[in-house]
Amino acid sequence: MRNLSLLILVFLSLFACQNVERPEKPDAFIEEEKMIDILYDISVIKSLKTYNINEMRMLDIKPESYIYDKYDIDSIQLAENISYYAVDFNEYAELWEKVRARLAAKQEEVEAEIAKGDSIQRVKSKPIPDSLKNRKIPQSEMTKGLQMNDSLVESVSG
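Remember, predicted model here, so these are calculated numbers, not experimental data. (Residues numbered from 1 in each chain as written. Predicted model: local features only at pLDDT ≥ 70, side-chain atom pairs only at ≥ 80, totals over all residues. Heavy atoms only, no water.)

Chemist: Is there a simple way to think about the nonpolar core in this case?
Modeler: Generally speaking, nonpolar side chains in soluble globular proteins are found buried as a group. Met35, Ile38, Ile67, Ile73, Leu78 and Leu95 are the most contacted members of the largest nonpolar core, which has 16 residues in total. Residue assignment for this core shows that the elements contributing at least two residues are α2 (32–51), α4 (63–71), α5 (75–87) and α6 (89–125). Sort the elements by how many residues they give to this core and α2 lands first, with 7 residues. Ignoring any residue separated from it by four or fewer positions in sequence, one finds Leu78 in contact with Met35, Ile38, Ile42, Tyr68 and Ile73. (Core = buried A, V, L, I, M, F, W, Y, C linked by side-chain atoms within 4.5 Å. Buried < 20%, exposed > 50% of the residue type's maximum accessible area, 1.4 Å probe, protein only. Helix = DSSP H or I, 4+ residues; strand = E, 2+ residues; numbered from the N terminus. Contact = heavy atoms within 4.5 Å.)

The following block contains the structure:
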């Protein structure tokens, strides 16, 4: 009897999971490319919030309202579209893979700029060698050159 009830429970569970309905397409549907842009910006803003929240507060930056203003959407519209995309796991995973690739490309770009800035800083911080200081000129030629070429030096003979 116990095995029969367990079998019926498993059977009912399997059939219950078959009716996962996809939410209706939202009235204000966000196309995939725009959704990728939104998810990218959300990712960047979330990382900035964990990196330096105090500076964002000092600059009076409100991350949530930034996304809504930039893309002319509201929170309900965003939530409905995320729910719509998230039902199909494969499609949603592809969406996030595109966001991840874009974040990785941006990270490489930023790291290249930092490396470029570091190399410029290294060049600027190197002392420039004095070419005249290291040159060996005999003492007799130095005074001779001064006497012949210097118009300010007057003859001392009297």
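Chemist: Can you help me understand the packing of aromatic side chains in this one?
Modeler: Describing an aromatic ring pair means giving the distance of the ring centres and the angle of the ring planes. Here the structure, examined in full by the defined rule, presents 4 aromatic pairs. In this structure an aromatic cluster arises from ring pairing among Phe29, Tyr84 and Tyr85. Seen from the ring of Tyr40, Arg102 lies directly overhead, with NZ or CZ sitting 4.1 Å from the centre. (Phe/Tyr/Trp six-rings, centres within 6.5 Å; stacked < 30°, edge-to-face > 60°. Lys NZ or Arg CZ within 6 Å of the ring centre and 35° of its normal.)

Chemist: Help me out: how do you make sense of the pattern of salt bridges in this one?
Modeler: Side-chain pairing between opposite charges can occur once the charged atoms of the two side chains come close. Evaluation of the coordinates by the stated rule reveals 5 salt bridges. Linking Glu32 and Lys98 is a salt bridge whose minimum nitrogen-to-oxygen distance equals 2.8 Å. Residue Glu32 is located in helix α2, and its partner Lys98 is located in helix α6; the two are separated by 66 residues in the primary sequence. Using a relative accessible area of 29% as the deciding quantity, one classes Glu32 as partly exposed. Of the residues examined, Lys98 reaches a relative accessible area of 38% and is grouped as partly exposed. For Asp41, the salt bridge goes to Lys70, with nearest N and O atoms at 2.9 Å. Remark: Lys70 occurs in helix α4 and Asp41 occurs in helix α2; sequence separation between them is 29 residues. (Salt bridge = Lys/Arg side-chain N within 4 Å of Asp/Glu carboxyl O.)

Chemist: Is there a simple way to explain the packing of α2 against α5 in this structure?
Modeler: A packed helix pair is summarised by two numbers, namely the angle formed by the two axes and the spacing between the axes. As a packed pair, α2 and α5 sit with axes 12 Å apart at the nearest point and diverge in direction by 110°. In terms of orientation, α2 lies roughly perpendicular with respect to α5. As for how α2 packs across α5, the hand of that crossing is left-handed. Along the contact surface, α2 presents Glu32, Met35, Ile38 and Ile42, while α5 presents Leu78, Asn81, Ile82 and Tyr85. Its residues placed into classes, the contact of α2 with α5 shows 6 nonpolar, 1 polar and 1 charged. (Axes fitted to C-alpha atoms, helices over the stretch in contact; angles between N-to-C directions. Parallel < 35°, antiparallel > 145°, perpendicular 65-115°, else oblique. Left-handed = near helix turned anticlockwise from the far one by under 90°. Nonpolar A, V, L, I, M, F, W, Y, C, P; charged D, E, K, R; others polar.)

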